[in-house]
Amino acid sequence: MKTLRVLSIVLSFSVSATVPAMAGVNVSSPSTGDQVSSPFKLSAWATSCSSHNVTAMGYSFDSSSDTTIIDGQSIDTSIHGPSGHHTLHVKAWADGHACVADLEIDVRSGGSGGSPSSIIPVDAVSVSHLDVMFGWSAQHDQGASGSASGSTKVVSSPSLSGSAREFETEFSNSGDERYSLSFSDDTSAENFFYDAWVYVTSSSSHIGNLEFDINQTMPDEKTVMFGIVCDGYNQHWAYTVNTGSDSDPRPRHATKNGAYCDPRAWTQYTWHHLQAYYSHDDSGYITYHSVWLDGKEFKIDETVFGKYSLGWGPVITTQFQVDGLGSNHNTVYLANLKIYRW
């Protein structure tokens, strides 16, 4: 029978001894990017590490020295985790060698029913890994002040699952750059759930806003445009509204009071989990339900007009917009972008 030992130690091996998961540690649950409710199930196994037989496994969170160690070659237990975004380290030891698998997860306390993914019906259509899909384009937002130019490419680092998309933006006078991808021609869906991971560097000090959009042509050939904005000027979550008509549009951002967000305050060199749920009716009125950042929910609960006469054919696009602050450049990464619709 396996014995469970909870220790508060600093392990003697260095970070340089960490071996990729494929070398030894296999984790079946959870997966990186998952949202889980504490307690959650951890299932993992490892038979060898650096060609030596594994004698013990364990896990820890983030940079904590508190490591739970389990004798044997497998873990199958429920564990408690602190609320919020964390890195779960699943470890194996063999004759002085160590192997580690690192998973990025969001932990919500309070048992089941708290995950935003419970909103998504089982028959929802989803498109995964949009960040690495071919066809992204870059364009300066002509409606904004200043000027900007941008480039985008797929990179292997930083990443959560081997690849991510890099967005490199040059700007002056707080210019904005919009990056776009068309990925479907569905005109009937009325609910959308946006799920992505965002990574910022020290250049985040030059970000004014980060905007996450979905645009869809409806059956009447008009376009509904959703936009969730982490507004660094007002330091709140904001959302896109058409204050005019579909033929005479006047788009603007409306701020949600009490829903704090500032991209310049996001932890640098860390993956942040961004999710949003919004829907629309046949008349082009959008309901912004909620947005989540690293597992923390910010309720929007606002219904606004969001229809435009653009003359587009049947299409769904996603846009990632980086608004510059001042005259400089910044680099932002997007990974595991998945959009559900129903």
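Coordinates for the structure precede this section.
Residues numbered from 1 in each chain as written. Predicted model: local features only at pLDDT ≥ 70, side-chain atom pairs only at ≥ 80, totals over all residues. Heavy atoms only, no water.

One pass over the full model with this rule turns up 17 aromatic pairs. Here the aromatic rings of Trp237 and Phe298 are separated by 6.4 Å at their centres, their planes lie at 50°, and the arrangement is tilted. With Trp237 in strand E20 (residues 236-242) and Phe298 in strand E24 (residues 296-305), this pair connects stretches of sequence that are 61 residues apart. Taken together, Trp136, Phe167, Tyr179, Tyr194, Phe212 and Phe320 form an aromatic cluster joined through their ring pairs. (Phe/Tyr/Trp six-rings, centres within 6.5 Å; stacked < 30°, edge-to-face > 60°. Helix = DSSP H or I, 4+ residues; strand = E, 2+ residues; numbered from the N terminus.)

This next bit is on the environment of Ser128. For Ser128, the position within the fold is in the loop between strand E12 (125-127) and strand E13 (137-140). Along the sequence, Ser128 and Tyr340 sit 212 residues apart, while their C-alpha atoms lie 8.7 Å from each other. Ignoring sequence-local partners within four residues, the contact set of Ser128 consists of Leu337 and Lys338. (Contact = heavy atoms within 4.5 Å.)

Within the structure shown, the criterion is met by 2 disulfides. Between the sulfur atoms of Cys49 and its disulfide partner Cys99 the distance amounts to 2.1 Å. Taking the sign of the S-S torsion, 100° for the link of Cys49 and Cys99, the bridge is right-handed. Taken as a pair, Cys49 in strand E5 (residues 48-49) and Cys99 in strand E11 (residues 97-108) lie far apart in primary sequence, 50 residues in all. Here Cys49 falls in the buried class, since its relative accessible area comes to 0%. A relative accessible area of 0% means that Cys99 is categorised as buried. Here Cys230 connects covalently by a disulfide to Cys261, the sulfurs 2.1 Å from one another. Handedness of the Cys230-Cys261 disulfide follows from its S-S torsion of about -100°: it is left-handed. Taken as a pair, Cys230 in strand E19 (residues 223-231) and Cys261 in the loop between strand E21 (251-260) and strand E22 (270-280) lie far apart in primary sequence, 31 residues in all. You can call Cys230 buried: its relative accessible area is 0%. Bonded cysteines in the protein are paired 1-2, 3-4 when counted in the order they occur along the chain. (Disulfide = S-S within 2.5 Å. Buried < 20%, exposed > 50% of the residue type's maximum accessible area, 1.4 Å probe, protein only.)

Turning next to the environment of Val125. Looking at the secondary structure, you find Val125 in strand E12. Measuring from C-alpha to C-alpha, the distance between Val125 and Ala189 comes to 9.2 Å, with 64 residues separating the pair along the chain.

Mapped onto the fold, Thr77 is located in strand E9 (residues 74-79). A relative accessible area of 31% means that Thr77 is categorised as partly exposed. As for Thr77 and Ile300, which are separated by 223 residues in sequence, their C-alpha atoms are 36 Å apart. Every residue in contact with Thr77, bar those within four places of it in the chain, is listed here: Phe40, Lys41 and Leu42.

What follows is about the nonpolar core. Of all hydrophobic cores here, the largest spans 46 residues; its most connected members are Tyr194 and Trp237. Residue contributions to this core peak at 5 residues, all from strand E17 (residues 191-200). Residues within four places of Tyr194 in sequence aside, it is in contact with Phe212, Asp213, Ile214, Leu274, Gln275, Ala276, Tyr278, Thr318, Leu334, Leu337, Lys338 and Ile339. Core analysis: the second largest hydrophobic core is formed by 23 residues, Met57, Ile70, Cys99 and Ile105 among them. (Core = buried A, V, L, I, M, F, W, Y, C linked by side-chain atoms within 4.5 Å.)

Below, the discussion takes up the pattern of salt bridges. Here the structure, examined in full by the defined rule, presents 8 salt bridges. Between Lys307 and Asp220 there is a salt bridge, and its shortest N-O distance comes to 3.4 Å. Here Asp220 lies in the loop between strand E18 (207-217) and E19 and Lys307 lies in strand E25 (residues 307-308), a separation of 87 residues in the sequence. The exposure class of Lys307 is buried, given its relative accessible area of 12%. (Salt bridge = Lys/Arg side-chain N within 4 Å of Asp/Glu carboxyl O.)

Right, let's get into the pairing of strand E15 (residues 164-172). Relative to E15, strand E14 (residues 147-155) is paired through 9 bridges, and the arrangement is antiparallel. Each residue of the ladder has a partner; that of Ser149, found in E15, is Glu170. In the sheet, E15 pairs with strand E27 (residues 328-341) via 7 bridges, with the strands oriented antiparallel. Note that in E27 the partner of Thr169 across the bridge is Asn330. (Pairing = 2+ DSSP bridges.)

A few words on the layout of surface pockets. There is about 490 Å³ of room inside the largest pocket. Asp141, Arg178, Met225, Pro251 and Gln321 are, among the 23 residues lining the largest pocket, the residues nearest its centre. Elements supplying a minimum of two residues to the lining of the largest pocket: E13, strand E16 (176-184), E18, E19, E21 and strand E26 (316-324). Each residue belonging to the lining of the largest pocket can be placed in one class, and the counts come to 7 nonpolar, 10 polar and 6 charged. (1 Å grid on protein atoms, 1.4 Å probe; cavity = no way out; pocket = protein on both sides within 12 Å on 5 of 7 lines; lining within 4 Å. Points joined across faces, edges and corners; volume = space filled by probe spheres on them. Nonpolar A, V, L, I, M, F, W, Y, C, P; charged D, E, K, R; others polar.)

The next point concerns the sheet that holds strand E2 (residues 26-29). Note: strands within a sheet are paired through backbone hydrogen bonds, in either parallel or antiparallel orientation. Strand order in this open sheet of 3 strands is E2-E4-E9, and the pairing throughout is antiparallel. Unpaired on one side and paired on the other, E2 and E9 mark the two borders of the sheet. The mean angle between the axes of side-by-side strands here comes to 20°, regardless of whether they run parallel or antiparallel. The pairing of strand E4 (residues 40-45) with E9 spans 6 bridges and is classified as antiparallel. The residue of E9 that forms the bridge with Ser43 is Asp76. (Axes fitted to C-alpha atoms, helices over the stretch in contact; angles between N-to-C directions.)

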